[in-house]
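The chain contents come next:
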Amino acid sequence: MLLGRSFEDMCAQMYYRGKMFGFVHLYNGQEAVSTGFIRLLTDRDTVVSTYRDHVHALSKGVPARAVMAELFGKTTGCCRGQGGSMHMFSREHNLIGGFAFIGEGIPVATGAAFSSKYRREVLKESCDDVTVAFFGDGTCNNGQFFECLNMAALWKLPIVFVVENNLWAIGMSHFRATSDPEIWKKGPPFGIPGVHVDGMDVLKVREVAKEAIARARRGDGPTLVECDTYRFRGHSLADPDELRNPDEKAHYSSRDPIAALKNYILEHSLVPESKLKAIEKNIEELVEEAVEFADSSPAPPRSQLLENVFADPKGFGIGSDGKYRCEDPGFTQGTAQV
Amino acid sequence: MSAVVRQRLGGKTRVFSHLRQALQRAGFTASVAGKNNSTAAKELTVRDALNSALDEEMAADPKVFIMGEEVGEYQGAYKVSRGLLEKYGPDRVRDTPITEAGFAGIGVGAAYYGLRPVVEFMTFNFSMQAIDHIINSAAKSNYMSAGQLSVPIVFRGPNGAAAGVAAQHSQCYSAWYASCPGLKVLTPYSSEDARGLLKAAIRDPDPVVFLENELLYGESFPVSADVLDSNFCLPIGKAKIEREGKHVTITSFSKMVGYALQAAEILSRDGISAEIINLRSIRPLDRDAIISSVKKTNRLVTVEEGFPQHGVGAEICAVVVEECFEYLDAPVERIAGADVPMPYAANLEKLALPQVEDIVRAAKRACYRSVPLAAAA
């Protein structure tokens with residue numbers, strides 16, 4: 001959680017210094033949800049996220065330096081600078097997005113869960129991998145959400161749908177956009193258990209997550225978990241955030257999940273304060289190092305422009321000289337005319 | 001059965017293209033005409049060609065599965081997947097609820113993990129409900145993830161006008177999908193095309209949009225023994241010269257190939273020898289074939305069923321102007337569907353779609369024979 005917070009704060013700094021650009025959506029305040037769920041997953045389990053995906057990537061194990069370099073648009077980033085803030089992918093860590101369209105990740109996550117079940121039942125491989133899909137309150141009014149609740153329940157797929165209800169979709173309040181604002185209730189009409197949990201308390205989230213993930217792994221099907229959470233910053237770094245009531249923000253700030261966990265630990269004397277301070281220091285150093293790494297990394301070379309459009313580069317077709325265009329040296333150097 | 005020869009993607013097809021051309025010149029026209037040579041090739045409908053391709057690819061690779069509306073118990077909305085449910089079971093031939101966006105996305109997620117879905121859209125008009133997944137999560141993913149996630153998915157279904165199905169069921173999507181980087185867009189015409197291209201599409205590691213045509217499903221074409229071989233694949237990105245000619249090049253795809261061939265017959269009686277190119281692949285476009293042909297004939301007519309603005313013909317015209325302008329002896333003629341939503345009335349529908357006479361007229365204009373201009377919409 002601490003890594004997530006420090007990282008996102010650093011992103012804001014870097015953005016205002018011009019090192020990061022485009023659309024950047026920060027996760028401050030919601031760390032309990034990411035940590036609560038993802039830290040229970042194995043390496044083989046899948047996470048699908050939205051554009052607010054930096055911390056999901058970090059929780060899933062993508063190195064901070066790779067994420068930072070990606071945000072700076074450098075070739076050492078996890079997607080070699082080709083994805084950016086909204087499109088974090090790491091096949092190695094089974095983070096398959098990073099999607100800018102809200103609701104887009106939900107069917108893809110359902111497909112990943114489908115592939116897990118297919119491998120087990122048709123290909124007869126031993127596979128009990130679970131998929132966790134993260135999305136927001138605004139997405140829960142989108143058609144694809146309901147389509148996938150239906151199909152996940154119908155086919156009993158090993159997936160957990162996690163709603164990060166932070167009450168706001170840019171400037172649209174959840175209550176102005178939704179006829180019945182209680183999202184967890186939308187699971188049972190599809191035959192999916194719906195669970196409501198306080199998303200600012202990482203221990204509570206973890207309890208619910210344990211049960212939901214175990215359920216999916218057993219083969220009992222999907223769960224819909226609504227986490228009440230809040231984002232401390234605006235929708236993105238370009239959002240002036242004028243519509244949210246300062247009292248509301250203050251209320252949730254006082255319930256900061258990191259501060260809450262820290263208090264809990266100290267109250268119950270689980271870990272000495274000096275150790276916590278050491279962790280904080282480590283994290284700061286890690287994030288600093290990530291920035292240095294990203295700063296000193298090179299930008300993608302020109303030859304990277306035309307790479308990876310297709311897995312099979314012959315997809316660029318045959319040029320006017322009768323040869324496959326990917327064989328033209330200008331192509332691999334990025335100087336061909338496309 | 002003669003020696004089984006493997007046809008690999010992008011591999012050596014020269015021998016067979018000569019064979020096929022020889023068969024063409026020997027009088028095998030593309031449609032059922034009563035010219036059946038008893039020692040010749042078997043007749044195969046496009047529907048059976050597609051069905052057999054699906055069957056064989058599913059048998060060869062257990063990761064291939066079919067998903068879509070009515071593909072299973074209904075045997076396929078157009079019976080293309082007939083018999084496959086009985087053979088492979090409901091896990092591999094999945095009937096879906098009416099959720100194009102949902103199941104297209106599920107296909108993409110499954111493809112990320114190495115499965116090979118064949119997603120059927122009942123018609124490509126319905127693909128508009130899923131176009132976010134085709135473009136954003138299928139086509140762009142390999143690039144956005146810098147090669148980590150390839151998407152070996154096939155989106156297939158009938159495309160373009162059928163008969164009397166009106167505006168919302170008749171649009172041709174070739175131009176839309178072909179403009180998107182990261183996609184391959186195929187448009188088979190004959191049974192050989194259907195079989196070879198579908199097999200290539202399923203084996204391809206990238207997302208393929210496979211645009212069939214409902215009116216072609218029942219048409220029969222002669223196919224040679226090699227086409228029936230289970231390893232028969234056609235290379236993606238290579239067009240086929242259906243008929244060689246000297247005076248004018250006519251490019252076409254899907255159903256329009258049949259019309260162009262008929263037009264070529266009519267033109268030949270007037271002394272105009274038309275070279276008919278069956279594009280087969282809209283993205284990537286076989287620029288080499290088109291340009292070589294234009295360099296030979298110096299005149300070009302592009303034919304397509306879809307809307308004229310920003311269509312396939314527009315792209316071909318631009319390519320030819322860029323690459324071999326000096327070889328053109330006449331302006332490029334574009335034939336496309338009318339710039340109107342498809343009307344229902346049968347006579348209006350006929351006016352809204354290219355007909356053989358339109359192709360003949362355009363070819364003659366390109367050859368500077370004086371003919372009255374048709375109404376240009």
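To start, this report covers the structure provided alongside it. Computed from a prediction, not measured in an experiment: that's the story for all the values here. (Residues numbered from 1 in each chain as written. Chains lettered and ligands numbered in written order. Predicted model: local features only at pLDDT ≥ 70, side-chain atom pairs only at ≥ 80, totals over all residues. Heavy atoms only, no water.)

### Brief notes about the overall build of chain B
Phase 1: Scanning chain B from N- to C-terminus turns up 14 helices and 14 strands.
Phase 2: The buried share of chain B, taken over its 377 residues, is 60%.
Phase 3: Sequence separation of at least 24 residues holds for 81% of the intrachain contacts in chain B that already meet a minimum separation of 6.
Phase 4: Carbon together with sulfur atoms contributes 54% to the accessible area of chain B, which is approximately 14300 Å² in total. (Helix = DSSP H or I, 4+ residues; strand = E, 2+ residues; numbered from the N terminus. Buried < 20%, exposed > 50% of the residue type's maximum accessible area, 1.4 Å probe, protein only. Contact = heavy atoms within 4.5 Å. Areas by Shrake-Rupley, 256 points an atom, 1.4 Å probe, with all protein chains shown as cover.)

### Quick notes on the nonpolar core
Looking at soluble globular proteins, one finds that nonpolar side chains tend to be buried together.
Phase 1: Phe 37, Val 160 and Phe 161 of chain A together with Tyr 112 and Phe 155 of chain B are the most contacted members of the largest nonpolar core, which has 132 residues in total.
Phase 2: Judged by nonpolar contacts, the second largest core, of 58 residues, contains Ile 66, Leu 85, Ala 201 and Phe 232 of chain B. (Core = buried A, V, L, I, M, F, W, Y, C linked by side-chain atoms within 4.5 Å.)

### Digging into the interface of chain A and chain B
Phase 1: Taken together, the contacts link 54 residues of chain A with 58 residues of chain B.
Phase 2: Interface of chain A and chain B: buried area, both sides summed, is about 4500 Å²; carbon and sulfur atoms make up 62% of it.
Phase 3: Considering only the side of chain A, the residues that lose the most area to chain B are Arg 91, Tyr 118 and Ile 318 of chain A, jointly responsible for 13% of the buried surface there.
Phase 4: Linking chain A with chain B are one salt bridge.
Phase 5: Among the salt bridges present, the one from Asp 312 of chain A reaches Lys 184 of chain B, with a minimum N-O distance of 3.2 Å.
Phase 6: Inspection of the region where chain A meets chain B yields 22 residue pairs in polar contact (both at pLDDT 80 or more). (Buried area = accessible area lost by both parts, 1.4 Å probe. Salt bridge = Lys/Arg side-chain N within 4 Å of Asp/Glu carboxyl O. Polar contact = N/O pair within 3.5 Å; in protein donor to acceptor, adjacent residues only side chain to side chain.)

### Here's the deal with a nonpolar patch on the surface
All names here are of chain A.
Phase 1: Nonpolar side chains collect at one region of the surface, where Leu 203, Tyr 264 and Leu 270 lie side by side and expose about 270 Å² of accessible area between them.
Phase 2: Relative to the elements of secondary structure, Tyr 264 occurs in helix α10 (residues 257-267).
Phase 3: For Tyr 264, a relative accessible area of 37% corresponds to the partly exposed category. (Patch = residues over 30% accessible without salt bridge, like charges linked within 9 Å, V, L, I, M, F, W, Y side chains within 5 Å.)

### Digging into the side chain of Arg 280 of chain B
Phase 1: Residue placement: Arg 280 of chain B occurs in the loop between β11 (274-278) and β12 (281-283).
Phase 2: Within the structure, Arg 280 of chain B has its side chain in polar contact with the side chain of Asp 193 of chain B (distance 2.6 Å).

### Observations regarding unusual backbone geometry
Phase 1: Cis geometry is adopted by the peptide bond preceding Gly 98 of chain A, which originates at Gly 97 of chain A and carries an omega value of 0°.
Phase 2: Looking at the element boundaries, Gly 98 of chain A is found in the loop between β3 (95-96) and α5 (105-121).
Phase 3: Look at the link from Arg 283 of chain B to Pro 284 of chain B: it is a cis peptide, with omega at 0°.
Phase 4: Tracing the chain through its elements places Pro 284 of chain B in the loop between β12 and α11 (287-297).
Phase 5: With a phi close to 50°, Lys 156 of chain A is a non-glycine residue in the positive phi region.

Any functional reading would require information that these geometric values do not contain.
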